[in-house]
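Here is what each chain is made of, one letter per residue.
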Amino acid sequence: MSSNPVDVRRRWRQAEALAVAALLLVLFSSTGTAFQDLASEPMSGDLPGFLDGARHMRFFYDSGYREPLHVFFLKVALAFVDDGYRAARLVTVVHTLLLAVAAWWFARVWFGPAFALACLAIVASNRMVAFYSVSGLRDPLYTAVLLLFGTVLFLPHGRLRPLTHAVLAGACGALLVLTRVYGWAAIALCLTVLLASGPAWRAETRGGALRFAGITLAVTTVLVLPGVLAGPSRVVGSDVNFWRNVERTGSPGDWEHTPAVGIFQYMFGEHSLADVVARCARNTVMYVSHYFVHYLGDLAWLALFFPLGAVLATVRGRAHVVALFLAALGPIVFVLNLNQMPGAQGVEMRLVHQVFPFALVLALYGAACPLAWAWRRAASTWPRLPQPRWAAGGAWPT
């Protein structure tokens, strides 16, 4: 007697929910261990400024920073915890759990439930994710919001009404910019990829595609604009001086008090376009071979499958995943080859935290496709071999 398909699907969803909950408990346990192990370690020098902004914050846009979302979370935490550093650590624990859920959802929407559980399992057990889960900084938050933005923006047509879809995408874009102002670059790149993927080129869909992009940008701008009008920010662009000085002299020097240099002046005023392109290309390879490998730890071999995954995603209708990888890496890719601290190689690993989930998804995709192909070939030779959905092309990538 065959099982009712509805009951089978319900049981699978219940099993999936239990698996997700178990993996989140694994991550929560890892963050608890990190909380204890790092409790006496000094925290980032950026944190006192964020905490000061949170204590003096009267309303959301009144943080003194151009990106108030993380400061707002600190403000909420300080209402319950007096110790500012402990409150900051607790905030990033919450952000890391949100990151894990967002990574699972992103992978599930585009690659299916089996793939999503594999992705979540690696994120939940990752030592670097656990380390930054108690950093007190906004890197886990930005990673979570970027995953959310990427999932919502590229949702297949028909999942939501067009106006609802555009408003939600714009709201997620605003959260991105309100976490890190260079989120604008990610929004611009992703909307360009969305329009270039087809709808804007066909006469029957061009109007709808352009309207969607316009509403998305309008909603983002409306939600970000009050922060711009609230007054000057403590951050005025002098951080670019840090990298400029490191490149010139090997040391940041007096970067906080020298006249601010804009990022375009730094990149294109002092380097030719060919230099910029070549350096970004080399640093993208460096990310995969150095930073990504460091994040993977014992699973460093997965990085070997990243190029295949990026190619297959591009040609099999998932080019937006590659675009999101580039959007996450883009704001920092130009300086990855610089040694931030004398005697240390490269920049802080937290600066590429937001890239890890997208690189991981592409590497897993590159590893999964040959596995599914080999299983299908074996099944064609031995018909009695079970043909699970992930190999048949259902839940797993094909």
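1. Topic: the overall build of the protein chain
So, step 1. Of the regular secondary structure elements, the protein chain holds 17 helices and 0 strands.
So, step 2. Buried residues in the protein chain amount to 47% of all 398 residues.
So, step 3. If you take every contact in the protein chain between residues at least 6 apart in sequence, the share linking residues at least 24 apart comes to 71%.
So, step 4. A total of about 19600 Å² of accessible surface is found on the protein chain, and carbon and sulfur atoms cover 65% of it.

2. Observations concerning the nonpolar core
So, step 1. In this structure, Tyr287, Phe292 and Leu360 are the most contacted members of the largest nonpolar core, which totals 99 residues.
So, step 2. If sequence neighbours within four positions are ignored, Phe292 has contacts with Tyr287, Ala303, Phe356, Ala359, Leu360 and Ala363.
So, step 3. Ala77, Leu78, Ala87 and Val91 belong to the second largest nonpolar core, which has 16 residues in total.

3. Here's the deal with the packing of helix α2 (residues 47–56) against helix α4 (residues 84–111)
So, step 1. Interaxial distance between α2 and α4 falls to 11 Å at its minimum, and their mutual angle equals 95°. In terms of their interaxial angle, α2 and α4 are classed as roughly perpendicular. Of the residues in α4, those touching α2 at Leu47, Pro48, Leu51 and Arg55 are Gly84, Tyr85 and Ala88.
So, step 2. Class assignment for the residues of the contact of α2 with α4 results in 5 nonpolar, 1 polar and 1 charged.

4. With respect to the pattern of salt bridges
So, step 1. In the structure shown here, the tally under the stated rule is 10 salt bridges.
So, step 2. Its salt-bridge partner being Arg180, residue Asp139 comes within 2.8 Å of it at the nearest N-O pair. With Asp139 in helix α7 (residues 139–153) and Arg180 in the loop between α8 (162–177) and α9 (183–196), this residue pair connects regions lying 41 residues apart in the sequence.
So, step 3. For Asp139, a relative accessible area of 1% puts it in the buried group.
So, step 4. Accessibility expressed as a relative area gives 8% for Arg180, which makes it buried.
So, step 5. Across the pair Glu270 and Arg248 runs a salt bridge whose closest N-O atoms are separated by 3.4 Å.

5. Re a nonpolar patch on the surface
So, step 1. A cluster of nonpolar side chains, contributed by Ile263, Phe264, Phe268, Leu273 and Val277, occupies part of the molecular surface with about 530 Å² of accessible area.
So, step 2. Broken down by secondary-structure element, the contributors of at least two residues to the nonpolar patch are α12 (263–269) and α13 (273–296).
So, step 3. Per-element accounting of the nonpolar patch gives the leading share, 3 residues, to α12.
So, step 4. Inspection of the secondary structure assignment puts Phe268 in helix α12.

6. A few points about the confidence of the model for the protein chain
So, step 1. Per-residue confidence for the protein chain averages 86 on the pLDDT scale, and 89% of its residues sit at or above 70.
So, step 2. Averaged pLDDT values for the elements of the protein chain fall to 48 in helix α17 (residues 389–392) and rise to 96 in α7.
So, step 3. Within the model, pLDDT remains below 50 along residues 390–398, and this stretch shows 36 contacts once partners closer than five positions in the same chain are excluded.

The rules behind each value
- Residues numbered from 1 in each chain as written.
- Predicted model: local features only at pLDDT ≥ 70, side-chain atom pairs only at ≥ 80, totals over all residues.
- Heavy atoms only, no water.
- Helix = DSSP H or I, 4+ residues; strand = E, 2+ residues; numbered from the N terminus.
- Buried < 20%, exposed > 50% of the residue type's maximum accessible area, 1.4 Å probe, protein only.
- Contact = heavy atoms within 4.5 Å.
- Areas by Shrake-Rupley, 256 points an atom, 1.4 Å probe, with all protein chains shown as cover.
- Core = buried A, V, L, I, M, F, W, Y, C linked by side-chain atoms within 4.5 Å.
- Axes fitted to C-alpha atoms, helices over the stretch in contact; angles between N-to-C directions.
- Parallel < 35°, antiparallel > 145°, perpendicular 65-115°, else oblique.
- Nonpolar A, V, L, I, M, F, W, Y, C, P; charged D, E, K, R; others polar.
- Salt bridge = Lys/Arg side-chain N within 4 Å of Asp/Glu carboxyl O.
- Patch = residues over 30% accessible without salt bridge, like charges linked within 9 Å, V, L, I, M, F, W, Y side chains within 5 Å.
- pLDDT = per-residue confidence, 0-100.

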